[in-house]
Amino acid sequence: MAEKDTLTTAYGRPVENDQTSITTGKKVGYGLLNDTYLIEKLAHFERERIPERVVHAKGSGAYGYFELTEDLSKYTCAKFLSGAGKKTDLFIRFSTVGGEQASADTERDPRGFAVKLYTEEGNYDIVGNNTPVFFIRDAIKFPDFVHTQKREPQSGLKDATMFWDFLSLTPESIHQVTFLFSNRGTPADYRHMDGFGANTWMFYNDKGEHYWFKWHFKTDQGIKNLTAAEATELAGKDPDCNRRDLFESIKKGEFPSWTVYVQIMTPEQAKTYRFDPFDVTKVWFHADFPLIPVGKIVLNRNPENFFAEVEQAAFAPSTLVPGIYPSPDKLLQGRLFAYEDAHRYRLGKNHDLIPVNSPKGNRANTNERDGLMMTDGNYGSTANYFPNSVNAQSEARQIPDVPALALGEAMIARHDLEVVENDYYQAGELYRRVLSDTDRDHLISNIAGHLGGALKRIQYRQTALFYKADPDYGTRVAGALGLDVQKVASLAALTDTERAAATARDL
Ligand code: NDP
């Protein structure tokens, strides 16, 4: 048997020489198929890379805990939300969205904020971002949107025309575009930014009642952003600066934390709220639905191995616990399928067996069997069907079931959702009411710096959308780009279809 520290092959045979391959001559020589260790070593190396995530490829992660400070059992039967003081272990992965694995951490992009809670009722994933809204609100647009944020098919280059062409033809993106081009689109690091579940979710309790809710994670470190110039400089000096910051802070014992809040809306309030509460391009105003503090997240442990724990971490909004259920948000409905499916492709169907992904607070007990990379004994000799009269396996009928929802007006159809004036209002509020004068100056120059690289007709089309959000906003972007503001104003007055036609060729 090999000594503990002796180098071995993958099958445990001691390796007598790891420096010299077997060849036919001393200085030059042909290699031989019978050098099986050389073949094993090269073959494994060639397979080191797994498919990169199509979005959120570059990320960093850490372990920690969620501590409940407010009992939420009147809203939900989720056990990790019952009993103030309860702690639940978690793993968080932060990421950029559009860049490849080697891209710079400081790129202008939303940041992924994905939380995996190892609850006593199995894993619960909150797969959010550092912005409370998203660019689109129907999952069918997602692949097109992502294509435009990545690389142009012929040149393989990022392309401002493609980026803005899609966004300017997708006016519901205006709110998220305004976030993205404010300095919150370039956070200083992962510790100094907020997180949001973004989509609306349902809490249900043991009385059969339900509530709609949203997650908010507010950084206790304070918000810190980069200017465009600082972000560009850091991209050259240290493209991994956010990963470094997170890892080194935790290593030094400076544990980042976030205060966790929920906004809660009753089903009655949802019927009359002036914004569609399930539309992910909108927030619920704080004045209408105050933030309720419910807990704290603390990150206090670095992973031991980046690939095993960060790269192989698999988050999916479909990973839920009893007491939490999806809302009819049309983007969320697509996400419920796409994330888990991405991991089936990237890591294989048995990715739930990878330690970072497997439940810790409750053991898995399924009748799912076999499949590629089944590595944990496959439930041995136990029966693999239910109901059965062999194993002691039962359903948890005592847990409150998902409440029955009346869908009185439901009709199966392709329900078009036109963009209306109300879709511009919240972007306008961000610009008018929330941003400071300096924030607005940066927003305008950040937009001009990027949109200026697109075709002129697309600059006009997009600037008309800024004008619709707030005339001052559109006027200032037009000024920074040298556009004729009268033309912008008249494009803003057109319908979306008319504006698309009017900007289909050079103006
Ligand atoms: P409030 O006026 O009560 O609070 C302003 C919100 O905007 C805070 O959440 C604040 O986050 C955030 N914020 C501050 N500066 C910026 C910035 N430069 N870029 C992006 N966000 C910023 O919010 P309301 O609910 O009345 O909503 C007004 C507008 O604020 C909305 O239209 C939306 O654009 C934006 N907003 C709203 C949120 C919500 O959930 N209601 C969440 C985030 C933004 P912080 O406290 O961390 O500084």
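Residues numbered from 1 in each chain as written. Predicted model: local features only at pLDDT ≥ 70, side-chain atom pairs only at ≥ 80, totals over all residues. Heavy atoms only, no water.

**Q** Please clarify how unusual backbone geometry should be interpreted in this entry.
**A** Backbone phi values are negative for most residues with the exception of glycine, while trans is the configuration of most peptide bonds. For the bond from F386 to P387, the omega torsion is 0 degrees, close enough to zero to count as cis. Mapped onto the fold, P387 is located in the loop between α9 (330-347) and α10 (422-434). With a phi angle near 60 degrees, H56 is a residue other than glycine that sits in the positive phi range. Looking at where H56 falls in the secondary structure, it is placed in the loop between α1 (36-46) and β1 (59-68). Taking relative accessible area as the criterion, H56 reaches 15% and is therefore assigned buried. Of note, the phi angle at Y379 is positive, near 65 degrees, even though the residue is not glycine. Among the secondary structure elements, Y379 is positioned in the loop between α9 and α10. (Helix = DSSP H or I, 4+ residues; strand = E, 2+ residues; numbered from the N terminus. Buried < 20%, exposed > 50% of the residue type's maximum accessible area, 1.4 Å probe, protein only.)

**Q** How should I be thinking about the site of the ligand in this particular structure?
**A** Neighbouring the ligand are 21 residues, the closest being H175, D194, K218, H286 and R433. At a separation of 2.7 Å, an oxygen atom of the ligand approaches a polar side-chain atom of K218. Residue Q426 places a main-chain N or O atom 3.0 Å away from an oxygen atom belonging to the ligand. When the ligand sits alone it has 790 Å² of accessible area, and the protein chains cover 82% of it. (Near = heavy atom within 4 Å. Polar contact = N/O pair within 3.5 Å; in protein donor to acceptor, adjacent residues only side chain to side chain. Areas by Shrake-Rupley, 256 points an atom, 1.4 Å probe, with all protein chains shown as cover.)

**Q** Got a minute to help me understand the side chain of T119 in this structure?
**A** Topologically, T119 is positioned in strand β3 (residues 111-119). Within the structure, the side chain of T119 is placed 2.9 Å from the backbone nitrogen of E121, a separation counted as a polar contact. Of the polar contacts made by the side chain of T119, one reaches the backbone oxygen of G122; its length is 2.6 Å. Ignoring anything within four residues of it in the chain, the contact list for T119 reads F80, T88, Y124, V321, G361 and N362. (Contact = heavy atoms within 4.5 Å.)

**Q** Got a minute to help me understand the environment of R274 in this structure?
**A** With respect to the helices and strands, the residue R274 is situated in the loop between α7 (267-272) and β9 (292-301). Taking C-alpha positions, R274 is 38 Å from R397, a pair spaced 123 residues apart along the chain. Not counting chain neighbours up to four residues away, the residues in contact with R274 comprise F285, D288, N422 and Y425.

**Q** Just checking my understanding: could you explain the side chain of T170 for this structure?
**A** With respect to the helices and strands, T170 occurs in the loop between α3 (160-168) and α4 (174-181). If near-sequence neighbours (up to four positions away) are discounted, T170 is found in contact with F135, I136 and K141.

**Q** Where do I start with the pairing of β3 in this structure?
**A** One face of the sheet, then the other: side chains in a regular strand alternate in exactly this way. Counting buried residues in β3 gives nine out of nine residues, a clear majority hidden from the surface. Alternating positions in β3 separate into two faces, R111, F113, V115, L117 and T119 on one and G112, A114, K116 and Y118 on the other, with burial throughout. In the sheet, strand β2 (residues 87-96) pairs with β3 via seven bridges, with the strands oriented antiparallel. Looking at the pairing, L90 lines up with L117 of β3. Note: β3 against strand β4 (residues 122-129), eight bridges, orientation antiparallel. Bridged to L117 within β4 is Y124. Hairpin geometry of β3 and β4 is characterised by an intervening segment of two residues between the two adjacent antiparallel strands. (Pairing = 2+ DSSP bridges.)

**Q** Would you mind going over the nonpolar core with me for this structure?
**A** For soluble globular proteins, the rule of thumb is that nonpolar side chains tend to be buried together. Formed by 60 residues in total, the largest nonpolar core has its most connected members in W164, F466 and Y473. The greatest single-element share of this core, amounting to six residues, is contributed by helix α12 (residues 456-469). Of the domains in this structure, domain 2 (59-135 + 185-357) and domain 3 (138-169 + 420-507) are the two that each give at least three residues to this core. If near-sequence neighbours (up to four positions away) are discounted, F466 is found in contact with W164, I174, V177, I447, L451, Y473, G474 and V477. Counting residues in each nonpolar core, the second largest holds 37 residues, with F80, V115, V321 and L336 among its members. (Core = buried A, V, L, I, M, F, W, Y, C linked by side-chain atoms within 4.5 Å. Domains from an automatic or database assignment.)

**Q** Sorry if this is basic, but what is going on with the pairing of β1 here?
**A** By the criterion of burial, β1 is predominantly enclosed, with nine of the ten residues buried. Bridge count between β1 and β2: nine bridges; the pairing is antiparallel. Along β2, the bridge assignment pairs G59 with S95.

**Q** Got a minute to help me understand the environment of A448 in this structure?
**A** As for its placement among the helices and strands, A448 is situated in helix α11 (residues 437-451). The exposure class assigned to A448 is buried, which follows from its relative accessible area of 15%. Placed 323 residues apart in sequence, A448 and D125 show a C-alpha to C-alpha distance of 37 Å. Not counting residues within four places of it along the chain, the set of residues in contact with A448 comprises A480 and L481.

**Q** Sorry if this is basic, but what is going on with the domain arrangement of the protein chain here?
**A** When the parts of a complex come together, some accessible area is lost, and that lost area is often taken as the interface size. If you check the domain split of the protein chain, you get domain 1 (1-48), domain 2 (59-135 + 185-357) and domain 3 (138-169 + 420-507). On a C-alpha basis, the centroid separation for the pair domain 2 and domain 3 is 28 Å. Taken together, the contacts link 19 residues of domain 2 with 16 residues of domain 3. Taken together, both faces of the contact between domain 2 and domain 3 bury some 1500 Å²; the carbon and sulfur share is 54%. Across the domain 2-domain 3 interface, the total number found is three salt bridges. For the salt bridge of R151 with E100, the shortest nitrogen-to-oxygen distance reads 2.6 Å. (Buried area = accessible area lost by both parts, 1.4 Å probe. Salt bridge = Lys/Arg side-chain N within 4 Å of Asp/Glu carboxyl O.)

**Q** Help me understand the pattern of salt bridges, please; the structure alone is not making it clear to me.
**A** In total, this model carries 34 salt bridges according to the counting rule given. Its salt-bridge partner being K141, residue E172 comes within 2.8 Å of it at the nearest N-O pair. In this pair, E172 is assigned in the loop between α3 and α4 and K141 in the loop between β4 and α2 (142-149), connecting sequence segments 31 residues apart. In this structure, R346 engages E311 in a salt bridge whose closest nitrogen and oxygen atoms are separated by 3.9 Å. Taken together, the residues R346 in helix α9 and E311 in helix α8 (residues 306-311) connect sequence positions 35 residues apart. Of the two residues, R346 and E311, both sit in the buried class.

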